[in-house]
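Listed below, chain by chain, are the residues.
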Amino acid sequence: MPAATRDQRKTNLQPSAEVACYHCGEPCDDVHIGFDEKSFCCTGCQTVYEILNANDLCRYYDLDETAGISLKGKAKAEYAFLDDPDLRERLIDFTDGTHTRITFYLPQIHCASCIWLLENLYKLNEEVRDSKVNFTKKELYLSYAEGPHALRRIVELLDRIGYAPAINLGDLDEDARPLVERSFYYKLGVAGFAFGNIMLLSFPEYLGLDKAADSFFFRLFGYLNIGLALPVVFYSARDYLQSAWLGLQQRQLNIDVPIALGILTLFGRSLYEILSHTGAGYLDSLAGLVFFLLVGKWFQQRTYHNISFERDYKSYFPIAAQRKGEQGWKTVSLDKLEPGDVIRVRHGELIPADSVLLRGEAEIDYSFVTGESEPVHKTTGEKLYAGGRQTGQLIELSLTRKVSQSYLTQLWNDEAFAKSRESNASKLANTVGKYFTAVILLIAFATLAYWLPRDSGTAINAFTAVLIIACPCAVALAVPFIFGNALRILGRHQFYLKNTAVIEALSSFSSVVFDKTGTLTIRERGEVAYEGEALNPEEQRALLAATSASSHPASQQIAQHLSRALNGTPLPRADHWEELVGRGIRAQFGPLELRLGAPAFMEVSPAAEGRGVHLQLNGRLKGRFHLRSHYRPGTRELMDALREQAGLYLLSGDNDRERPLLEPFFGRGEHLKFEQKPADKLAFIRRLQEQGEQVLMIGDGLNDAGALQQSDCGIVVTENTNNFTPASDGILFAGAFQRFPTFLRFARRSIRLVYGAYGIAFVYNVIGLSF
């Protein structure tokens, strides 16, 4: 509908006769506002309608007829404080001067219309670039173009349309939002109180006392039970009734429809029996049903909390940082980092928390945050934000905030790294949930039609019995309960999965592709031998400085080998340093130019050919390092376990020196490939998929990001290093590597458990309905 101005569409006040507000659905007072042939309870609701209509967003009302938030009596909030740079700095998650990201908690989010409107904010304000809603946590992840007063204008817009962010300045540094709203606990408490008391008042019925002798008390207890059941049905169970009603309005049979029918049928039949004195009713069963449904919903909220990967610091990402202490540099877990700590970040590693650059020149890739892959140059004293990846040499940072695990999680779950797949178990859940209601209604009305010509009393009893007995609880809760617990249990054993769909992928692969260096091998325990011209102390220090800045396993092995010889000698700063993925390192230390890497990376003739990591100084080949790998414990057992269910492949960027050692595991030919660049690995995965294979990729996340993203399931093995990559579907701590076959068996059992839950639900519903 085209937008119209206020003088084209007359606004007037009209007497209210139980008129509902077009925007929020609440009843209007004695006088309501008539505008554009619609009724509004207040000028706030009318204003929101005008904003949406002017921007062609009135589909908001098609998704839910009572989608809007009531603005009646709401005072206009002032947001001038958002122009304060210091306060704004505490609120935002990230900014590079052009793009800014922020997270808002919006307690008003309650339905699909809210999500639709909030994710279309860019149509209301051109400064908004992108907005995503986390419905279960009622959070809005917002990205906008930086500008004077931009944040204030966006918050004022949210306030005008009824979604004012809950900004509590005292809680900026601590995230203590409840998993569920307080009103939910009130509903749970009312249902539990009524359940217990109705059971207590039903004891005469349970004990089989003489109704004729104590008819007064039977009737009195029945009336009291009705009084206790009323708030259970119309308050505690309101969400189920409302969801079912909205589903029917949209012509959809959602899973809440049979639940609502069961509740209303139980209440109606019990009301009839008690008031007609023909029975005691089933109000104890009704209150119990609602109470246990709410208990299940509470548990489901906690389950989704786990599914969203929002964990406390006792179950953190297996990422660590090197922190400076009295004894020098020491690797510590992220939960131990505090503001003021000095850490260092190598090439390719992620900045774990907001910080200030102390030493070195940073080239920060913020593509995880903004989608822009062009590195941002930062110099000493400038602020760096969590989520950026260093693409230059080694830098030292001073933290200004604690590590925000939820922010790293948000980057990991970004849609840019999502894979378009749906678990077979989830598909089954959607299908079962869709048809369950239709089948139950068909059985109920068929039963009614069959018995009605024969015996109307039996017909009503049978009809209501079908609606009461048929329970979709197992269908509705099987996937979130089972998979949510599976994620929690795996996380407790240091195997962290992105979402529930990964569990299905872990149980259905047909090919497994391994990286070698840093995945099957342990970088700290490798052996290093140097062959060539002796290096003087200056060259050794330059080489150690160049390799220390790299997070590649081979560079780290060489750095550890050199550091033992140099024993804490101060290292020079590189005038220029860069690492070319899959090729090597190039650095400049004054007049000394250094290259370290593959033979093809050297500037010399084929005389440099040969196995090992080659070193070139000022255009002259000096020698090469021979690295002997130490394989992880349990590698043989892992290969034996995987070989029984899938084809095994190895793609290594290293040379083929260890081919004889690996052939017993992988075989020959296509199953064992060396000197593979990142693009080669990605192409190989794609070829397997074109042949119909479901590919599980296991790498270290350094040179494997493209292959991990392309695979059906990508797992990163990490060893106390900050090489976290959002392209992975799971993170396996290196210490749990040998337990990986057990994790795979657990994933398959979780799938079977879901199918078992559906089977049990089918059996008990068939048995119950037969009675």
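Residues numbered from 1 in each chain as written. Predicted model: local features only at pLDDT ≥ 70, side-chain atom pairs only at ≥ 80, totals over all residues. Heavy atoms only, no water.

Section: the sheet that holds strand S17 (residues 495–497)
- Strand order in the open sheet made by the 7 strands is S17-S29-S28-S27-S18-S25-S26, with mixed pairing throughout. A single partner strand is all that each edge strand has here, and the edge strands are S17 and strand S26 (672–673).
- The strands that helix H21 (residues 659–666) touches are strand S18 (511–514), strand S25 (647–651) and S26; relative to S25, the one it contacts most, it runs at about 155 degrees. (Pairing = 2+ DSSP bridges. Helix = DSSP H or I, 4+ residues; strand = E, 2+ residues; numbered from the N terminus. Contact = heavy atoms within 4.5 Å. Axes fitted to C-alpha atoms, helices over the stretch in contact; angles between N-to-C directions.)

Focus on the environment of phenylalanine 221
- The residue phenylalanine 221 is located in helix H8 (residues 215–236) in this model.
- When the C-alpha positions of phenylalanine 221 and isoleucine 274 are compared, they lie 9.6 Å apart, and in sequence the two are 53 residues distant.
- Other than its neighbours up to four places away in sequence, phenylalanine 221 contacts Leu201 and Pro204.

With respect to the packing of aromatic side chains
- One pass over the structure, following the stated rule, counts 14 aromatic pairs.
- Ring geometry for phenylalanine 94 and tyrosine 385: centres 5.5 Å apart, planes at 75 degrees, overall edge-to-face. Here tyrosine 385 lies in the loop between strand S14 (383–384) and strand S15 (389–390) and phenylalanine 94 lies in strand S4 (residues 94–95), a separation of 291 residues in the sequence. Per residue, the accessibility class of phenylalanine 94 equals that of tyrosine 385, and both read buried.
- One aromatic cluster is present, built from ring pairs that chain together Phe94, Tyr366 and Tyr385.
- One cation-aromatic arrangement involves arginine 632 over phenylalanine 737; the distance from NZ or CZ to the ring centre is 5.8 Å. (Phe/Tyr/Trp six-rings, centres within 6.5 Å; stacked < 30°, edge-to-face > 60°. Buried < 20%, exposed > 50% of the residue type's maximum accessible area, 1.4 Å probe, protein only. Lys NZ or Arg CZ within 6 Å of the ring centre and 35° of its normal.)

What about a nonpolar patch on the surface?
- Taken together, the side chains of Phe216, Phe217, Leu220 and Leu224 make up a nonpolar region of the molecular surface, amounting to roughly 390 Å² of accessible area.
- Here phenylalanine 216 is to be found in helix H8.
- Judged by relative accessible area, which is 58%, phenylalanine 216 ranks as exposed. (Patch = residues over 30% accessible without salt bridge, like charges linked within 9 Å, V, L, I, M, F, W, Y side chains within 5 Å. Areas by Shrake-Rupley, 256 points an atom, 1.4 Å probe, with all protein chains shown as cover. Salt bridge = Lys/Arg side-chain N within 4 Å of Asp/Glu carboxyl O.)

Quick look at the pairing of strand S22 (residues 592–597)
- Within S22, 5 of the 6 residues are buried, which leaves the element mostly enclosed by the surrounding structure.
- As judged from the 6 bridges shared by strand S21 (residues 584–589) and S22, these two strands associate in the antiparallel manner. Across the sheet, residue phenylalanine 589 finds its bridge partner in S22, namely leucine 592.
- Linking S21 back to S22 in an antiparallel pair, the connection comprises 2 residues, with glycine 590 at a positive phi of about 60 degrees.

Some remarks on the sheet that holds strand S13 (residues 376–378)
- With antiparallel pairing, 3 strands are arranged side by side in an open sheet as S13-S12-S15. Each edge of the open sheet is held by one strand with a lone partner, namely S13 and S15.

Focus on helix H5 (residues 150–160)
- Turning to H5, its buried residues are Ala150, Leu151, Ile154, Val155, Leu157, Leu158 and Asp159.
- The positive-phi residue at the C-terminal boundary of H5 is glycine 162, with phi of around 95 degrees.

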